[in-house]
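The residues making up each chain are set out below.
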Amino acid sequence: MKIASVIVDVPTKQTDRPFDYLVPDEWDEVIQPGMRVIVPFGPRKIQGFVTEIKTESEVKQLREMIEPMDLEPVLNKELLHLGEWLTETTLCFKIFAYQAMLPAALKAKYEKKVKLAPGMKEECLPEAIQSFFINNNSLDWDKALKNGLVSILQREAAKGFLEVVYVVKERVKKKQMKVVSPLMSTADLKIEMERLPSNAEKQKQVLHFFLDHPNPIELRQLLAEANASTATVKALVEKKLLSEEEMEVYRDPFEHRIFEHSTPLPLTSAQADVIEPILASIESEKHEVFLLYGVTGSGKTEIYLQSIQKVIEKGEEAIVLVPEISLTPQMVNRFKGRFGDLVAVLHSGLSAGEKYDEWRKIQRKEVKVVVGARSAIFAPFENIGIIIIDEEHETSYKQEDMPRYHARDVAIERAKTYHCPVVLGSATPSLESFARAQKKVYQLLTLSSRMNERPLPSVEIVDMREELRAGNRSMFSRKLFEMLKDRIEKKQQSVLFLNKRGHSSFVMCRDCGYVVNCPNCEISLTYHRAGSRMKCHYCGYEDHIPKACPECSSEYIRYFGSGTQKVEEELGKILPEARVIRMDVDTTGRKGSHERLLKDFQDGKADILLGTQMIAKGLDFPNITLVGVLSADTMLHLPDFRSSEKTFQLLTQVSGRAGRHQLPGEVVIQTYTPEHYSIELAGTQNYAFFYHREMMMRKLHHYPPFYYLVLITLTHENLMSVVSETEKIVNFVRSQVSNQAVILGPAASPIPRINNRYRYQCLIKYKREPHLTRILKKILDQYQTETKNGLQVSIDINPFILM
DNA sequence: CTTGGGGACCAC
DNA sequence: TGGTCCCCAAGT
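Keep in mind it's a predicted model, so treat the numbers as computed, not measured. (Residues numbered from 1 in each chain as written. Chains lettered and ligands numbered in written order. Predicted model: local features only at pLDDT ≥ 70, side-chain atom pairs only at ≥ 80, totals over all residues. Heavy atoms only, no water.)

1. A look at the sheet that holds strand 31 (residues 708-716)
Backbone-to-backbone hydrogen bonds join strands into a sheet, with any given pair of strands oriented parallel or antiparallel. Note the following rule: Two strands qualify as a pair provided DSSP detects at least 2 bridges between them. Secondary structure elements follow DSSP: runs of H or I of four or more residues count as helices, runs of E of two or more count as strands, with numbering from the N terminus. Under this scheme, a helix contributes an axis fitted over its contacting stretch, all axes are lines through C-alpha atoms, and angles between N-to-C directions fall in the 0 to 180 degree range. Two residues form a contact once any of their heavy atoms are found within 4.5 Å.
Reading across from one edge, 32-33-31-34 is the order of the four strands in this open sheet, with antiparallel pairing throughout. Each edge of the open sheet carries a strand with a single partner, namely strand 32 (742-754) and strand 34 (792-797). Strand-to-strand twist in this sheet, taken as the mean axis angle between neighbours without regard to direction, amounts to 20°. Pairing of strand 32 with strand 33 (residues 757-766) involves seven bridges; the strand directions are antiparallel. Residue pairing for strand 33: arginine 753 is matched across the bridge by tyrosine 758. In the packing of helix 23 (residues 719-736) onto the sheet, the strands contacted are strand 31, strand 32 and strand 33, and the crossing angle to strand 33 comes to about 15°.

Here it is as structure tokens:
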């Protein structure tokens, strides 16, 4: 018998290795590496991934696998291999690496049930539980738990009356439809029709229908059109005149949408210069990484589209990554418009089933292009010709939980295998990427002017301290107010951008300034309008908003509603004539509302679009001539070495929304720290200056791109032990690395307690430590195996958030 | 002498 | 991760 090595769905250190199973003869021809299988594991049944088929095993007592879950592998060879690479580079469990590559729908769901043992009747059971088994012979374990039946059930199971069964289930079923087709030519069908008994009126009617429409037809449609019933069709199927088949159908999220077809636009000479090396790389099948640095509105997307065109012409495939928030219908339309049905879209707005169907299209090679957020980098193509990462600097490309990968790294790894180019596009490249381009690791391609020579908008920075001194206590500076008013008169549109951080909706006492914190986590609770409650977004703690302040008993305790709501109210007071569309989590919650709000704005149903991060990207409407940033510095003072970079990027992105077409654009940035270089330089939109300035800071403080980072976080219920264990780790690391490395810690995490567990961390900054991975593995081996002390260790290599 | 809770160990 | 086995402490 063949033997299959299987990675089982149990994420622990001890099970993070292949387990061998015998392949039953009936599956001998079927089982292949990359398939999901159901295997017995201890007393349960669980899902696993076959990584290898072999003929021998060191283990003597092998068990047989139960059954395959797929007819064809869900992971191809390359992806299986990529999984190993992911495991090595991010130090995660293999099972997490494989699961990350597949749509969530393919992650198994487990059910535990209690059934009557074979040959047993419910009468054998104690009366108290008989009723549960009268009609249905099985009882869900959760239900038993809720009813407090566990111990009695266990007793009966021990006596042999009941048995516990485990079921591995698919999360989403393939959507099927029944299709009926004739099994013979029209002529033969006619002969058969006449042979039918004269009383088979209905059957004749159905066959008659097929004489006119000999093509396969959906059962539902057939029934309606031929005015027949399922019984009739079944009779004909049994007579072998017709056939009835299940066919897989896709849920098409874009089914009823018409895409305006677009053709390649003539390139400007700057664009032509930039696309040339990319096309050359595609042509010569050479792996290269390009950093496409192009100011907002410089036509990067057209470069992407025409590069993809070339790749498709070569019979190869393209992956396009776009940050989740800019994966707007507008963006999708550009790709669907150019490549039509050859495009699959993967983003979080789709249901699990829809995502699965898009993924299936990729797997079955029915599409050539996938446009999607981070996880789309694992699209199961086998002939990749280009990988494009738009808005390369976006932090959402880094996954914050296991596997802690960066899509850019995965892209480069895959592109190496396929000998194809990677294009990183941005108007504000990350320092890491730009530095690599400077060192010629990446090839820099620059688009320095906007298409049709539109000037960049003029930017004015307003010092809000001055406003305060002049007696203006509102959140709108006089300048911004004047300009908003002006735009309304001119019937032009404005965009107001509110940085969410700092305006988050916490609950605060207006008398003493007391902020309501989570009792389990050291973090303020966020206000939720539904039911007027406050929630902790780390541990799920929930409570009513107190009537009075717990500190000073003042009744002036209130929530600071989502910043945008407040702005909207104030706008209503000072500019009552303005029509405002607000976009934030509250107004875009429902599916499709995001799209609808934007459509309304585009159609001129409002003068002002007010929103958070989600409006910073991709908006491209001709009538926008003013962009206002209400408070530029809210994210500047976060404890994050990238906060300056993020601020600069965000301000530049938002500014880029204005004046993209005929009308010139203006930008107003309000701030309390106008002298900060990231704000000042965002004002002049001077990336080069910002880059140099920020690089100096990074060098000075030993941060990327000069140093690499590794963040080790320990959590424990007991403050003393977490500190002392972190200390041990710090000392251990220190003893193992060269003296070039900087080791910080033990230090409390920026969120020092989550869910009653204290969090301490150790930050390693290093330039070159060839043995570091080995050292880190050693730490994980130590702590992930030691279950006794309840200490949890997590390691983030190249972290983005230092929390 | 039973019961139940907690920790160590195991799973091809 | 879930299960079982084993030990210990409290309860009938």
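Further notes follow.
2. Digging into unusual backbone geometry
That bond from methionine 402 to proline 403 is cis: its omega, -5°, falls within 30 degrees of zero. By the secondary structure assignment, proline 403 is in the loop between strand 17 (384-389) and helix 14 (407-418). Here the bond from proline 704 into proline 705 is cis, since omega is 5°, no more than 30 degrees from zero. Following the sequence through the fold, proline 705 ends up in the loop between helix 22 (687-700) and strand 31. Although it is not a glycine, histidine 419 adopts a positive phi angle of roughly 50°. If you trace the backbone, histidine 419 turns up in the loop between helix 14 and strand 18 (422-426). For asparagine 755, which is not a glycine, the phi torsion comes out positive at approximately 55°. Among the secondary structure elements, asparagine 755 is positioned in the loop between strand 32 and strand 33.

3. A closer look at the protein's contact with DNA strand C
Test applied: The cutoff for a nearby residue is simple: one of its non-hydrogen atoms must lie within 4 Å of the molecule or strand. Two N or O atoms count as a polar contact when they lie within 3.5 Å, although within protein this holds only if one can serve as hydrogen donor and the other as acceptor, and sequence-adjacent residues are included solely when both atoms are side-chain atoms. Under the scheme applied here, ten amino acids are nonpolar (Ala, Val, Leu, Ile, Met, Phe, Trp, Tyr, Cys and Pro), four are charged (Asp, Glu, Lys and Arg), and all others, including Gly, are polar.
Close to DNA strand C lie Val10, Thr12, Pro43, Arg44, Lys112 and Tyr166. Each atom of DNA strand C within 4 Å of the protein belongs either to a base or to sugar and phosphate, the latter forming 50%. Between DNA strand C and lysine 112, the relevant distance is 2.8 Å, taken from a phosphate oxygen to a side-chain nitrogen or oxygen of the residue. In this structure, a phosphate oxygen belonging to DNA strand C sits 2.9 Å away from a side-chain N or O atom of tyrosine 166. In the surface near DNA strand C, the residues fall into three nonpolar, one polar and two charged.

4. Some thoughts on the sheet that holds strand 23 (residues 526-528)
Reading across the sheet, the three strands line up as 23-24-25 and stay open at both edges, with antiparallel pairing between neighbours. In this open sheet, the two edge strands, each paired with only one partner strand, are strand 23 and strand 25 (542-544). With direction set aside, neighbouring strand axes in the sheet form an average angle of 35°. Relative to strand 25, strand 24 (residues 533-535) runs antiparallel, the two being bridged by three bridges.

5. Some words on the pattern of salt bridges
Basically, it comes down to this: In what follows, salt bridge is the name for a side-chain nitrogen of Lys or Arg lying within 4 Å of a carboxyl oxygen of Asp or Glu. When accessible area is computed with a 1.4 Å probe and restricted to protein chains, residues below 20% of their type maximum are described as buried, those above 50% as exposed, and intermediate ones as partly exposed.
Applying the stated rule across the entire model yields 40 salt bridges. Glutamate 285 is the salt-bridge partner of lysine 314, the closest N and O atoms lying 2.6 Å from each other. Taken together, the residues lysine 314 in the loop between helix 11 (300-313) and strand 14 (317-321) and glutamate 285 in the loop between helix 10 (269-284) and strand 13 (289-294) connect sequence positions 29 residues apart. Residue classification places lysine 314 among the partly exposed positions, given a relative accessible area of 29%. A residue is classified by how much of its surface remains accessible, and glutamate 285, at 41% relative accessible area, is partly exposed. Notably, a salt bridge pairs lysine 361 with glutamate 358, separated by 3.0 Å at the nearest N-O pair. Note that lysine 361 and glutamate 358 are positioned in helix 13 (residues 352-363) at a spacing of three residues, about one turn of the helix. On the accessibility criterion, lysine 361 (11% relative accessible area) is buried. Linked through salt bridges whose partners overlap, the residues forming this network are Asp486, Arg487, Lys490 and Glu666.

6. A closer look at the protein's contact with DNA strand B
Near DNA strand B you find 16 residues, and of these Gln14, Arg17, Asp20, Phe41 and Arg63 are the closest. Of what DNA strand B places within 4 Å of the protein, 41% of the atoms are sugar or phosphate. Broken down by secondary-structure element, the contributors of at least two residues to the surface near DNA strand B are strand 2 (19-22) and strand 3 (36-41). The element contributing the most residues to the surface near DNA strand B is strand 2, with three residues. Partitioning the surface near DNA strand B into residue classes produces six nonpolar, five polar and five charged.

7. Here we look at the side chain of serine 430
Following the sequence through the fold, serine 430 ends up in the loop between strand 18 and helix 15 (431-438). A relative accessible area of 3% places serine 430 in the buried class. Looking at serine 430, its side chain comes within polar contact range of the side chain of arginine 408, at 3.5 Å. A polar side-chain atom of serine 430 sits 3.1 Å from a polar atom in the side chain of serine 433. When neighbours within four sequence positions are excluded, serine 430 is seen to be in contact with Glu392, His393, Arg408, Glu645, Gln649 and Tyr687.

8. Looking at the UniProt feature "binding site: Zn(2+) 2" (unreviewed entry) in chain A
Applied cut-off: UniProt positions are given in the numbering used here, feature names are shortened, and annotations may be inferred rather than shown by experiment.
The UniProt feature table records "binding site: Zn(2+) 2" (unreviewed entry) at Cys518, Cys521, Cys536 and Cys539. The annotated residues occupy 22 residues of the chain but converge on a single region, no pair of C-alpha atoms lying more than 8.7 Å apart. The residues contacting cysteine 521, other than those within four sequence positions of it, are Cys536, Tyr538, Cys539, Arg753, Ile754 and Asn755. Position of cysteine 536 among the secondary structure elements: in the loop between strand 24 and strand 25.

9. Section: the nonpolar core
Nonpolar side chains in soluble globular proteins tend to be buried together. Rules: In this description, a nonpolar core means a group of buried Ala, Val, Leu, Ile, Met, Phe, Trp, Tyr and Cys residues linked to one another through side-chain atoms lying within 4.5 Å.
Ranked by internal contacts, the top residues of the largest apolar core, which has 88 residues, are Leu75, Ile319, Ile377 and Leu609. When residues in this core are grouped by element, the largest group, six residues, is from helix 14. Counting 29 residues, the second-largest nonpolar core is a separate cluster that includes Leu292, Val311, Val371 and Leu445.

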